[in-house]
Structures are given as structure tokens and as C-alpha cells.
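Letter by letter, the chains look like this.
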Amino acid sequence: MSKLIITAALTGAEVTREQQPNLPITPQEISAAALEAYQAGAAIVHVHARRKDGSPTQDRDIYGEIQRLVTGASPLIFQPSTGGATWHSAAERLQPLDLSPEMATLSTGTCNFGRDIFANPQDFYEKAARIMQERGVKPEFEVFEAGMIDNALRLVRDGFVQAPLHFNFVLGVPGAMSASVRNLSFLVDSIPPDATWTVSGIGRFETPLAAAAIAMGGHVRVGFEDNIYYGRGELATSNAQLVARIVRIANELGRQVATPDQAREILGLAGKNA
Ligand code: KMH
Ligand code: ZN
């Protein structure tokens, strides 16, 4: 079994300071949270930018500042979002790709997202995949519904993306695929054998699905984007606290944790742009 890649999803687009007082918002706060998460065992940081007032933005300059701070202070893999918030336009969402990050997220299908719609029509994800290909950015396919896998595989068939693929199964978003080991197992069985995968269990499903993924040979994402609690009714103190728990579970299950450079090897990023 390969070493375990831990991704810290530090901020997201939806969580507020009112809900989680320790939510990092400014580029300085996000890069400090990234560094702490790295020291706790994370290899990748999944980043959403925010304006000073806390509202989500896809502004390339704010992402650029976060990228500069994160990669200047750590060897972490910087992975910006192309999902943004549900109301962001396609053009807004694609801005972080201008920074040629090593990785970026990409959803290949539309789903309900709470009471909103997370819209990812074919024109959008083909365009995003084309830009990623031109800029040497590895997509992490954010799968909220099973059909998104079929569409990602169509991108490979049509020449927009090259194998090996990497998927993140985001399970438990209200309105999309629920967080069960049965669903996780089905999704894992639906991707090519040479693909890698991560799971993001939303809310109280974060830790149980992480434990399942560690045992199954997958990878794990945790962080305030997905879950703001450490236990029932107990807010987490930091993203790093959530990462540290995954390291402890991995140690107990005999799975070693990957450094960022080891994660680059596992994901086929080594030798790509820094
Ligand atoms: N905020 C969600 C609507 C991604 O980062 O690629 C979409 C999202 C996925 O978070
Ligand atoms: Zn995200």
C-alpha cells in the first residue's frame, strides 16, 4: 500500500467565522494554517480564497498571494479550487489556473448542493481541462455524484486529460451522494485501476470515511471546508488538529504518511511545474 496523502481543505467557500471562529480567511491566515497543517502531516492544501470581509472570491491575485506565501514557507502542494462558490461564473472560477498550480480541482457534472445547484456543464469542464492540460496542472476530480466519474473518463477518451487520474470523492453534501462506505466502495470500483483517490467525508462522516480510506489504500482530505467539529458539539481548534488525528489513525493502522515530495511521486507530479 502506498503512503497516505493527507489533504487539508483549509477554508472552503461556505463556512463562516460565525460558525467556526478559527476559520482562516486572509492570505496570511490561510498560509499560516497551511504551514501548521504541513507540520501536522498534510502534503496538499486545497485552497479557496476569501475577501477581507470573509466572502468567497476566485480573484487570481488573492490566490496568487496565497500561493506565494504557502509555497515560500513550505514544500506543500498548492491546490486551488475551480469550484469556487455556487454563484461564481465560469470565468471567475477559472482564474486560479492562470497561476499554473501543480494541481487544481475540477468537477465534471452538475449536482444539488444544499438548496443551491453546483453547475458544471460539459462546456465548462472541457474548457477547464483544456487549460489545465496547456498549463501542466493535474486535475483532482471532485466527485459529488457517480456520473462525474463517467464524464472524467470521457475527458480522457476525448484527449483533454491524460492518465493516471486522481479523484476526490466528496460524500455527504446535502443534495448529493451520501457518505457511506458502500458508496465509497462503489466509487472506488468505478475508477481505472491506475487511478489514485481521496475521500472527503462531510461533517460527522469525515473521520469514519477517512478511517475506511486508510484501510482501503486510498487517501484522505480533512479540514474546515468539510467539517468544523472535532467531536459532537465540539468545534475543532484548527485545521492542523484535524490533520493530526488522521496521522494518529494512520499510525495505528500501520499506514505511513507521505511527505509532499512523496505525494508528488504517488500522484505523478514529480518533475512537473513547481
Ligand atoms: N464550494 C463548492 C460549491 C471545489 O473546490 O472544486 C464547490 C467546491 C469544489 O468546493
Ligand atoms: Zn473546495
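Description of the structure in this document. Just so we're clear, the structure is a prediction, and the values are computed from it rather than from any experiment. Within each chain, residues carry numbers counting from 1 in the order of the written sequence. Written order determines the labels here, with chains lettered from A and ligands numbered from 1. Side-chain atom pairs in this predicted model are given and counted only at pLDDT of 80 or more, local residue features only at pLDDT of at least 70, and totals for whole chains, interfaces and linings cover all residues. Each side-chain value is worked out from all heavy atoms of the structure, with water and hydrogens disregarded.

Counting secondary structure elements, the protein chain contains nine helices and 14 strands. Summarising its shape, the C-alpha atoms of the protein chain cover approximately 45 × 40 × 40 Å along the three principal directions. Buried positions account for 55% of the 274 residues belonging to the protein chain. Here, two residues are considered to be in contact whenever any of their heavy atoms come within 4.5 Å of each other. Within the protein chain, contacts between residues separated by at least 24 positions form 72% of all contacts whose residues are at least 6 apart in sequence. Under the convention used here, a 1.4 Å probe and the Shrake-Rupley method define accessible areas, while residue burial counts only the protein chains that appear. By element, 51% of the accessible surface of the protein chain is carried by carbon and sulfur atoms, the whole surface being about 11300 Å². The way it works is that DSSP assigns letters per residue, a run of H or I at least four long becomes a helix, a run of E at least two long becomes a strand, and they are numbered from the N terminus. Accessibility here uses a 1.4 Å probe with only protein chains present; expressed as a share of the type maximum, an area under 20% marks a residue as buried, one over 50% as exposed, and anything in between as partly exposed.

Attention now moves to the pattern of salt bridges. The working definition used for a salt bridge is a side-chain nitrogen of Lys or Arg within 4 Å of a carboxyl oxygen of Asp or Glu. Throughout the structure, instances matching the rule amount to nine salt bridges. Among the salt bridges present, the one from Arg-157 reaches Asp-158, with a minimum N-O distance of 3.1 Å. Given a relative accessible area of 39%, Asp-158 falls into the partly exposed group. Taking the shortest distance from any N to any O, the salt bridge between Asp-261 and Arg-264 comes out at 2.9 Å. Of the two residues, Asp-261 and Arg-264 are both situated in helix 9 (residues 260-267); the distance of three residues between them amounts to about one turn of the helix. Of the residues examined, Arg-264 reaches a relative accessible area of 13% and is grouped as buried. Connected through salt bridges with shared partners, the residues Glu-142, Arg-221, Glu-225 and Asp-226 form a single ionic network.

All right, on to the environment of Arg-17 then. By the element assignment, Arg-17 lies in the loop between strand 1 (6-9) and helix 1 (27-40). A C-alpha to C-alpha distance of 37 Å links Arg-17 and Glu-134, two positions 117 residues apart in sequence. Beyond its immediate chain neighbours, meaning those up to four positions away, Arg-17 contacts Leu-23, Ile-25 and Glu-29. Within 3.5 Å is the distance limit for a polar contact, defined as a pair of N or O atoms, with the added protein rule that one can donate a hydrogen and the other accept it, and that residues adjacent in sequence qualify only through two side-chain atoms. One polar contact links the side chain of Arg-17 to the main-chain carbonyl oxygen of Pro-21, over a distance of 3.4 Å. One polar contact links Arg-17 to Glu-29, side chain to side chain, over a distance of 2.9 Å.

This brings us to the side chain of Thr-196. With respect to the secondary-structure elements, Thr-196 resides in strand 11 (residues 196-201). If we ignore the near neighbours within four places in the chain, the residues touching Thr-196 are Leu-165, His-166, Phe-167, Ile-191, Ile-266 and Leu-267.

One heavy atom within 4 Å of a molecule or strand makes the whole residue count as near it. Around ligand 1, a shell composed of 13 residues is seen, among which Glu-14, Ser-81, Gly-84, Thr-105 and Glu-225 lie nearest. Here Ser-81 contributes a side-chain N or O atom positioned 2.7 Å from an oxygen atom of ligand 1. Here an oxygen atom of ligand 1 and a side-chain polar atom of Thr-105 are 2.7 Å apart. With the chains in place, 98% of the 300 Å² that ligand 1 exposes on its own is no longer accessible. Of the residues that constitute the shell around ligand 1, the class distribution is three nonpolar, seven polar and three charged. Gly is placed with the polar residues, together with every amino acid not listed as nonpolar (Ala, Val, Leu, Ile, Met, Phe, Trp, Tyr, Cys and Pro) or charged (Asp, Glu, Lys and Arg).

A few words now on unusual backbone geometry. A cis geometry characterises the amide bond from Ala-163 onward to Pro-164, with omega recorded as 0 degrees. Among the structural elements, Pro-164 can be located in the loop between helix 5 (147-157) and strand 10 (166-171). Even without being glycine, Ser-100 reaches a positive phi, approximately 45 degrees. Of note, Ser-100 is situated in the loop between helix 3 (90-94) and strand 6 (103-106).

Moving on, we come to the side chain of Arg-255. Examined against the element boundaries, Arg-255 turns out to sit in the loop between helix 8 (239-252) and helix 9. We count Lys and Arg on the positive side and Asp and Glu on the negative side, and we leave His and both chain ends out. Despite its burial, Arg-255 pairs with no opposite charge; the closest candidate is Glu-140, at 13 Å N-O. Polar side-chain contacts of Arg-255 include one of 2.7 Å to the backbone oxygen of Ser-2. Polar side-chain contacts of Arg-255 include one of 3.0 Å to the backbone oxygen of Ile-214.

Nothing here speaks to function; it is geometry throughout.
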